[in-house]
Amino acid sequence: QVQLVESGGGLVQPGDSLRLSCAASTNILSTYGMGWFRQAPGKERELVATFTVGGSTRYADSVKGRFTISRDNAKNTVYLQMNSLKPEDTAVYYCRATRPDYYVYWGQGTQVTVSS
């Protein structure tokens, strides 16, 4: 069983930066696809950024140029660096790990609130 623990959320002002972390309980980053998703109140969960096993990245259009996904295999941790935050980035951010057979694990989520 894989456990994912997110951290780094908080309340920030527009234009600020945050870095989210997702720590996996086991060494999976070399074999699992990893990603960040978010869900705002009243909206469906949506993709923010993903990382394939091969290292390819994909970003939602709304965050391109502002957010960067990265990983540290030695620490079993995936990061999401978020710059130039906007109020519309307010959401619960979830980490997701996808097994080679496409089974999915989710973290518990971390709240990000962008408000002046």
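Structure report, in brief. (Residues numbered from 1 in each chain as written. Predicted model: local features only at pLDDT ≥ 70, side-chain atom pairs only at ≥ 80, totals over all residues. Heavy atoms only, no water.)

Considering the overall build of the chain
Stated formally: In this text, helices come from DSSP runs of H or I with a minimum length of four residues, and strands from runs of E with a minimum of two, each type numbered from the N-terminal end. For every residue, the accessible area obtained with a 1.4 Å probe (protein chains only) is divided by the maximum for its type, and the residue is called buried under 20%, exposed over 50%, and partly exposed between those limits. Residue contacts are defined here by distance: any two heavy atoms, one from each residue, within 4.5 Å place the two residues in contact. Areas reported as accessible are Shrake-Rupley estimates using a 1.4 Å probe. Residue values count occlusion only from the protein chains shown.
Assigned secondary structure in the chain consists of zero helices and eleven strands. Taken along the three principal axes of its C-alpha coordinates, the chain extends 40 × 25 × 25 Å. Taking all 116 residues of the chain together, 43% fall into the buried category. Contacts spanning at least 24 positions in sequence make up 53% of the contacts within the chain whose residues lie at least 6 apart. Accessible surface, the chain as shown: approximately 6,100 Å² in total, 46% of it carbon and sulfur.

A word on the nonpolar core
Put simply, the rule is: The term nonpolar core refers to a set of buried residues drawn from Ala, Val, Leu, Ile, Met, Phe, Trp, Tyr and Cys, joined through side-chain atoms within 4.5 Å.
In this structure, Leu4, Ile28, Met34, Trp36, Leu80, Met82 and Tyr93 are the most contacted members of the largest nonpolar core, which totals 32 residues. Mapped onto this core, the elements with two or more residues apiece are strand S3 (18-24), strand S4 (33-39), strand S5 (46-51), strand S7 (67-72), strand S8 (77-82), strand S9 (91-98) and strand S11 (110-114). With residues up to four places along the chain from it excluded, the contact list for leucine 4 reads Cys22, Ala23, Ala24, Ile28, Met34, Cys95, Arg96, Ala97, Tyr105, Trp106, Gly107 and Gln108.

Concerning the sheet that holds S7
The strands that make up a sheet pair up through hydrogen bonds in the backbone, lying either parallel or antiparallel. So the rule is basically this: Two strands make a pair as long as DSSP finds a minimum of two bridges between them. Helix axes are fitted only over the stretch in contact, all axes being lines through C-alpha atoms; the angle between N-to-C directions runs from 0 to 180 degrees.
Reading across the sheet, the four strands line up as S1-S3-S8-S7 and stay open at both edges, with antiparallel pairing between neighbours. Every interior strand has two partners, whereas the edge strands, strand S1 (4-7) and S7, have only one. Within this sheet the neighbouring strands show an average axis-to-axis angle of 15°, counted without direction.

A word on the state of the cysteines
Using the following cut-off: The disulfide criterion is simple: two cysteine sulfur atoms within 2.5 Å.
Evaluation of the coordinates by the stated rule reveals one disulfide. For cysteine 22, the disulfide goes to cysteine 95, at an S-S distance of 2.0 Å. Around the S-S axis, the bridge from cysteine 22 to cysteine 95 shows a dihedral of about -75° and counts as left-handed. Of this pair, cysteine 22 sits in strand S3 while cysteine 95 sits in strand S9; the two residues are 73 residues apart in sequence, bridging distant segments of the chain. Assigned by exposure class, cysteine 22 and cysteine 95 land together as buried.

A closer look at the environment of glycine 107
Secondary-structure assignment places glycine 107 in the loop between strand S10 (104-106) and S11. A C-alpha to C-alpha distance of 4.6 Å links glycine 107 and leucine 4, two positions 103 residues apart in sequence. Apart from residues lying up to four places away in sequence, glycine 107 is in contact with Leu4, Glu6, Tyr94 and Cys95.

None of this, on its own, says anything about what the molecule does.
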